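Coordinate analysis (summary)
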Amino acid sequence: MGLLSRTTTFVRYAVEGELPGNFWDFAAERIAQFSFRDIDDTFDEYSIGWVAVDNMFDSSFAHASYAAGDYIVLSMRIDERKVSNALLQKFSRKEEERIKKEKQIPRLSRTHRVQIKEDIRLQLVKKSLPLPSVYDLCWNLADNTVLFFSTSAKAQSVLEDFFKECFGLTIILQVPYLTAARLLDAAEQERLQDLQPEILV
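In what follows, the accompanying structure is described. Throughout, residues of each chain are indexed from 1 in the direction in which the sequence is written. For a predicted model such as this one, the threshold for reporting local features is a pLDDT of at least 70, and the threshold for listing and counting side-chain atom pairs is 80 or more; totals across whole chains, interfaces and linings nevertheless cover every residue. No hydrogens and no water enter the side-chain calculation; it runs on all heavy atoms of the structure.

**Some remarks on the overall build of the protein**
Within the protein one finds six helices and seven strands. A run of H or I in DSSP counts as a helix once it spans at least four residues, and a run of E counts as a strand once it spans at least two, with each numbered from the N terminus. Ordered by position in the sequence, the α and β elements of the protein form the string β-α-β-β-β-α-α-β-β-α-β-α-α. Computed over C-alpha atoms, the radius of gyration of the protein comes to 24 Å, more than 25% over the 17 Å expected from 2.2 N^0.38 for 201 residues, which places it beyond the range of a compact globule. Projected onto its principal axes, the C-alpha positions of the protein cover 80 × 55 × 35 Å. Residues counted as buried form 34% of the 201 residues belonging to the protein. Residues count as neighbours in contact if any of their non-hydrogen atoms are within 4.5 Å of one another. In the protein, once contacts between residues fewer than 6 apart in sequence are set aside, the share between residues at least 24 apart is 70%. We compute the radius of gyration over the C-alpha atoms and compare it with the globule rule, which gives 2.2 Å times the number of residues raised to the power 0.38. Buried, partly exposed and exposed residues are distinguished by accessible area as a fraction of the type maximum, computed with a 1.4 Å probe on protein chains only: under 20%, between the cut-offs, and over 50%, respectively.

Below you can see the structure in the form of structure tokens.
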């Protein structure tokens, strides 16, 4: 469930590093550079980029701005062509059997089998349609935190790398301890450092 859903789940990140003085110009340039590029009419296997939260096909933000007051609201779209391992095995074995029968040999070399498998994989990739995944995020510029609307560990890992590549800023997942450290005053932070884990049996 995303940002615009009635119910949603999210994780919180802290953004490490200073924002540039001309931040909105910087953000416009970087978001445009890392906007989503469609691969429907290509044989590319993977594409990732920013799109509008309310329209996964709006990568130029022609109909909705990513700027909302002190917030940046974006969706990270990933399109990926995936080949089923079962299909890959089936058609690779089928091609191996065809070649063995044609050449009248009992077995193929490992190098030959690897080459057949790669050729079949490329053929299947070209026939497959890219599957889209879309993940919303909301970047609060006032306190430099990001809400990411997915609890998938894989999606979070992709976001962390992509955010760093796009904006040159590191985001740190805020587990409860780190969130408390950001919110508490100095005296309470000292008490937080003295906490010891309890083992419940």
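**Quick word on the nonpolar core**
Definition used in this section: a nonpolar core is a set of buried Ala, Val, Leu, Ile, Met, Phe, Trp, Tyr and Cys residues joined via side-chain atoms within 4.5 Å. Counting residues in each nonpolar core, the largest one holds 31 residues, and the members touching the most others are Ile31, Trp50, Ile72, Leu74, Trp139, Phe148 and Phe167. Elements with a minimum of two residues in this core: β1 (11–16), α1 (23–33), β4 (71–80), β5 (131–140), β6 (145–148) and α4 (153–167). Take this core: its biggest share by element is six residues, from α4. When sequence neighbours within four positions are dropped, the list of residues in contact with Ile31 reads Trp50, Phe61, Tyr66, Ile72, Leu74 and Phe167. Residues Leu88, Ile99, Ile116 and Ile120 belong to the second largest nonpolar core, which totals six residues.

Interpretation in functional terms is not warranted from these geometric data alone.
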